[in-house]
Amino acid sequence: MKKIKFLPAQIFVIALFSIIFTACSSADDGSQTARIMVRMTDAPGDYDEVNIDVQDVLIKSTTDSDDTKGWVSVGTVTPKIYNLLDLTAGVNVLLADNVIPSGYLGQIRLLLGDKNTAVKNGVIYNLSTPSAQQSGLKLKINQTLVAGATYDFLLDFDVARSVVKAGNSGNYNLNPVINVSTEATSGVIKGVLNPVLEGYQVEVVVAVGTGTISTYTNDLGVFQLNGVPAGTYTVTLTPEIASGKAPIVINNVKIVNGEITNVGSVSFN
């Protein structure tokens, strides 16, 4: 019954992720997931081009070093070759955008193919990337994703350190050096209607910019509004007209990115 429109319903992918993530218990399916976006950018280097063959983005709920277990694809990555030198001066590219079960996120892995090249003075060099091809480049995250929040991960390539000349052979190796940063871009509002308004639906709405985020209380009176950007809001609970109850307005609800704001118990007069 949720009407939060910017979280895509990737049911199959969520089912796969549930094998490795412990989802937070809550009143509805939407409150068990978080949205993650994975972007890539670059610090410039002394090359004409550095082309990276991105095949997939994988994540894992633990920080263990076992490469055979627990890795799952984010599921929205289209394999593509990117010229890292197009991604400088604040430019980035969105590699993945999906909803996954909330909870602890241990690692992200960038899986590269074998079509990585560097161009220097007009000459194309194939980049040898044995470790990246076999298992992918692993990046430690160590962050708990709050249910209903949105997280933006930025993978920042350091080209100058990532492309290494192999002695006097004239060949170049790709040993990716990547810094990863995380930004939580939204928070969550939750609460409970007590007592429950038996037999009637109650819509919960918050105005965000020119739009709204809305949901309904469940059978236990619990509600949760996901993906609310940081700021101060007014939350309105509106029961069906037939209930004879007037709407409830909760003012000055402050949202912090990556956190849950609990407005507590709410009751109609």
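See the structure above.
A. Representation of the packing of aromatic side chains. Here the structure, examined in full by the defined rule, presents two aromatic pairs. An angle of 80 degrees between the planes, with centres 6.3 Å apart, marks the rings of tyrosine 47 and tyrosine 172 as edge-to-face. With a gap of 125 residues between them, tyrosine 47 in the loop between β1 (33-43) and β2 (49-60) and tyrosine 172 in strand β12 (residues 172-174) connect regions that are remote in the sequence. By the burial criterion, tyrosine 47 is buried, and tyrosine 172 matches it.

B. Highlighting the pattern of salt bridges. Taken as a whole and assessed by the stated rule, the structure comprises six salt bridges. With a closest N to O distance of 3.7 Å, aspartate 158 and arginine 161 form a salt bridge. A relative accessible area of 52% means that arginine 161 is categorised as exposed.

C. Region of the structure containing the sheet that holds strand β5 (residues 93-101). If you trace the four strands from one edge of the open sheet to the other, you get β5-β1-β10-β13, paired in mixed fashion. The strands lining the two open edges of the sheet, one partner per strand, are β5 and β13 (178-184). On average, each strand axis in the sheet is tilted by 20 degrees relative to the strand beside it, whichever way the strands run.

Here is what the cut-offs are and how they apply
- Within each chain, residues carry numbers counting from 1 in the order of the written sequence.
- Under the rules for a predicted model, residues below a pLDDT of 70 receive no local features and side-chain atom pairs below 80 are neither given nor counted, while totals for whole chains, interfaces and linings still include all residues.
- Side-chain measures here rest on the full set of heavy atoms in the structure, leaving out hydrogens and waters.
- Each aromatic pair joins two rings of Phe, Tyr and Trp (for Trp, the six-membered one) with centres within 6.5 Å, and gets the label stacked for planes under 30 degrees apart, edge-to-face for over 60, and tilted for any other angle.
- Counting from the N terminus, the helices are DSSP H or I runs at least four residues long and the strands are E runs at least two residues long.
- Three labels apply to residues, based on accessible area from a 1.4 Å probe with only protein chains included: buried if under 20% of the type maximum, exposed if over 50%, partly exposed otherwise in between.
- Definition used for salt bridges: Asp or Glu carboxyl oxygen within 4 Å of a side-chain nitrogen of Lys or Arg.
- Here, strands pair whenever DSSP counts at least two bridges between them.
- Axes, fitted as lines to C-alpha atoms, cover a helix only where it is in contact. Angles between the N-to-C directions of the axes lie from 0 to 180 degrees.

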